[in-house]
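Next come the chains, spelled out residue by residue.
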Amino acid sequence: METIVNKIDETTHNVLIKCGKEEFDRLYNAELAKAQQKVEIKGFRKGKVPLSMVKQRFGQEIFHDICFEFSNTEFTKYAHEDKLHIAGSPYLKDIKTEDDGVTCVLEYEIHPEVDLVDLSTLEIDEPVYVIEDEDIDTFVDKIRMEFGSTEDAELASDEYHSVTIEITEIEKSSGNPTKEPFTIPDLKLTDRAIAAPLRERLQNVKVGDEFDFDASLINADRINEIMHIKVISIKKLILGELTEEIITKISNGRFDTIEDLREDVGLNLQESLNSLTQRALVNNLRLKIVEKYADLPLPKNHINEILNDYLTSDAKRRKIDPAKIVRTEEVLAPLRQDIEKSYIWSLVTALIQEKENLQLEDDDVIEAFGSMGLPPEMANIEFLKSVDKDGQATRQMLDKKLMDFMLSAVSTNNVTVDNETKLFALANLNYKLNQGIEDNNLDEDYDGEFNDYDMDKDELIGNDHIGHVHGEDCDHNH
């Protein structure tokens, strides 16, 4: 076997793998003989079909199978010997039959060379949430609503009302409804998760009122849509009294006064918002890293493979035939950009982890198990290996260790979060009885800049796994 390598660009190479005529004929005739023993053709006994007929019917398929087999074997050997960091799977681009043998042309991609940035030179914003008395008041009122009641009303005179509305979505240009009217029951005007313009418009409405509302005030993309809103019913929210008995129940016996409750709410609010800050720090670091490596040459075919795999998985999840999905470039472009950003982030962080030789230690496991309320005697690497069969928990712990290391190395610039942003964050929190604050939005990115599409590092950058050579005529799984 003989190999010749050609560089196409920074990440794309091809390699010519040649199998001499004598060796190829030996492989081909051996496979032809095996096929003869298995082939069944009417008029012949099994194993007695003439070789000429087997060759006529199956010769081309056998030829390609041998090409795939020897090119895959030789490429794997070549890639390991040269310590290539392969991105995706090599592609059998061409097969050339010559007098002295057969040459397979494989195209493959490698991960780009990365000069790791000095993390201490990076500066990122750290959002700071300041909890004030009014924020605690809002949460105490939420608790009082749990023990309160409602009564019918004709007018939503203040925010302590809930409104049931019927919405008809209308195309602005034509004035025609775009779908059947639908009802949203019991919209609490205290709920800061409701867009402020709509919440303000619903104050002081009466039962039976109808009005048009510009949908773009809720979502800027809905510029050609009007929401015709009809007020079906209104209820006044009557807040319950927080007696010692109720506070004792709420706190699971930890305290019984309103002052202690307010202090507990404040502490839990700050703790929950601190977790938002932590997620924001990670996201801001990701954005900074991606910006730093914006000109990094990327393995385009590998990126497209990831994109196609994501689209196929998403279609299956939604029970849609992938073949029926229209994939215009307008739709694909933002998805591809997100995957490119995730690829850069995964590649750079994997290299940082390798350079710093970050490994899980017993102390890391003890910390993680403690946060989950597991007994300390279970917290060690060996026990983790015995229960973490798919390695997911191990990867999460190692990722946390990596993020802690990176965040400790960069500089941060404290930025106080504006009141509206803080109120929106608080709107996604509920005071869960006996269990402190519950975050209804824990799985969302801080600002939605880009999404990992549920892919881990192995999916994005691989694990130096060569995989199976594939090509236009290949029906092998890889």
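Here, the structure is the one placed above.
For the structure given in this document, a descriptive report is provided here. The residue numbers shown here count from 1 along each chain, following its written sequence. Where local features are concerned, this predicted model is filtered to residues with pLDDT of at least 70; where side-chain atom pairs are given and counted, the filter is 80 or more; whole-chain, interface and lining totals use all residues. Each side-chain value is derived from all of the structure's non-hydrogen atoms; neither hydrogens nor water enter the calculation.

1. Comments concerning the overall build of the protein
Link 1 in the chain: Under the scheme used here, helices are H or I runs from DSSP no shorter than 4 residues and strands are E runs no shorter than 2 residues, and both carry numbers assigned from the N terminus. A count of helical and extended segments in the protein gives 13 helices and 14 strands.
Link 2 in the chain: Looking at the protein residue by residue over its 478 residues, the buried ones come to 39%.
Link 3 in the chain: What makes two residues a contact is simply this: any of their non-hydrogen atoms within 4.5 Å. By sequence separation, contacts in the protein at least 24 residues apart represent 71% of the contacts at least 6 residues apart.
Link 4 in the chain: When the accessible surface of the protein is totalled, it reaches about 27900 Å², and 46% of it is carbon and sulfur. Partly exposed describes any residue whose relative accessible area lies between the buried limit of under 20% and the exposed limit of over 50%, with all areas from a 1.4 Å probe on protein chains only and scaled to the type maximum. Each accessible area is a Shrake-Rupley estimate made with a 1.4 Å probe; only the visible protein chains count as cover when residues are assessed.

2. Here we look at a negative patch on the surface
Link 1 in the chain: There is a patch of like negative charges on the surface, built from Glu244, Asp256, Glu259, Asp260 and Glu263.
Link 2 in the chain: Among the elements that make up the negative patch, the one with the highest residue count is helix H6 (residues 258-292) (3 residues).
Link 3 in the chain: On the secondary structure map, glutamate 244 appears in helix H5 (residues 244-250).
Link 4 in the chain: By relative accessible area, which is 56% here, glutamate 244 ends up exposed. Only residues whose relative accessible area exceeds 30% and that form no salt bridge are eligible for patches; like-charged ones are grouped when within 9 Å, while nonpolar side chains (Val, Leu, Ile, Met, Phe, Trp, Tyr) are grouped when within 5 Å. Each reported salt bridge corresponds to a side-chain nitrogen of Lys or Arg within 4 Å of a carboxyl oxygen of Asp or Glu. For this count, His and the chain ends are skipped, Lys and Arg are scored as positive, and Asp and Glu as negative. One atom stands in for each charge, and that atom is NZ of Lys, CZ of Arg, CG of Asp or CD of Glu.

3. What about unusual backbone geometry?
A negative phi angle is the norm for most residues apart from glycine, just as the trans form is the norm for most peptide bonds.
Link 1 in the chain: Phi at lysine 83 takes a positive value of approximately 50°, unusual for a residue other than glycine.
Link 2 in the chain: With respect to the helices and strands, the residue lysine 83 is situated in the loop between helix H2 (51-81) and strand E3 (86-98).

4. Considerations on helix H9 (residues 362-371)
Link 1 in the chain: Those residues of H9 that fall on the buried side of the exposure criterion are Asp364, Val365, Ala368 and Phe369. Along the axis of H9, the buried residues cluster in a sector spanning 125°; they form a single face. With respect to the buried face of H9, the exposed residues turned more than 90 degrees away are Asp363, Gly370 and Ser371.
Link 2 in the chain: Turning to H9, the residues buried within the fold contact helix H10 (381-387) and helix H11 (392-409). The directions considered for the arc run from the helix axis to the C-beta atoms.

5. Notes on the packing of helix H8 (residues 329-356) against H11
Link 1 in the chain: Note on geometry: axes are lines fitted to C-alpha atoms, helical ones only across the stretch in contact, with angles between N-to-C directions running from 0 to 180 degrees. One can describe the packing of H8 onto H11 by two numbers: an axis separation of 11 Å at closest approach and a directional angle of 85°. As far as their axial angle goes, H11 and H8 are roughly perpendicular. Between H8, through Trp345, Thr349, Ile352, Gln353 and Glu356, and H11, the contact on the second element is made entirely by Leu398, Leu402, Met403, Phe405 and Met406.
Link 2 in the chain: When residues are sorted by character, Ala, Val, Leu, Ile, Met, Phe, Trp, Tyr, Cys and Pro go into the nonpolar class, Asp, Glu, Lys and Arg into the charged class, and all the rest, Gly among them, into the polar class. Among the residues forming the contact of H8 with H11, the class breakdown is 7 nonpolar, 2 polar and 1 charged. Orientation labels follow simple angle bins: below 35 degrees gives roughly parallel, above 145 gives roughly antiparallel, 65 to 115 gives roughly perpendicular, and whatever is left gives oblique.

6. Observations concerning the environment of leucine 351
Link 1 in the chain: Among the secondary structure elements, leucine 351 is positioned in helix H8.
Link 2 in the chain: Between the alpha carbons of leucine 351 and valine 114 there is a distance of 8.4 Å; along the sequence they are 237 residues apart.
Link 3 in the chain: Those residues in contact with leucine 351, other than ones at most four positions away along the chain, are Val114 and Leu116.

7. What about helix H1 (residues 21-38)?
Link 1 in the chain: By definition here, a helix of n residues has an expected span of 1.5 Å times n minus one. If you check H1, its first and last C-alpha atoms are 26 Å apart, about what 18 residues at 1.5 Å a residue would give, namely 26 Å.
Link 2 in the chain: Against strand E2 (12-20), H2 and strand E4 (101-110) lie the buried residues of H1.

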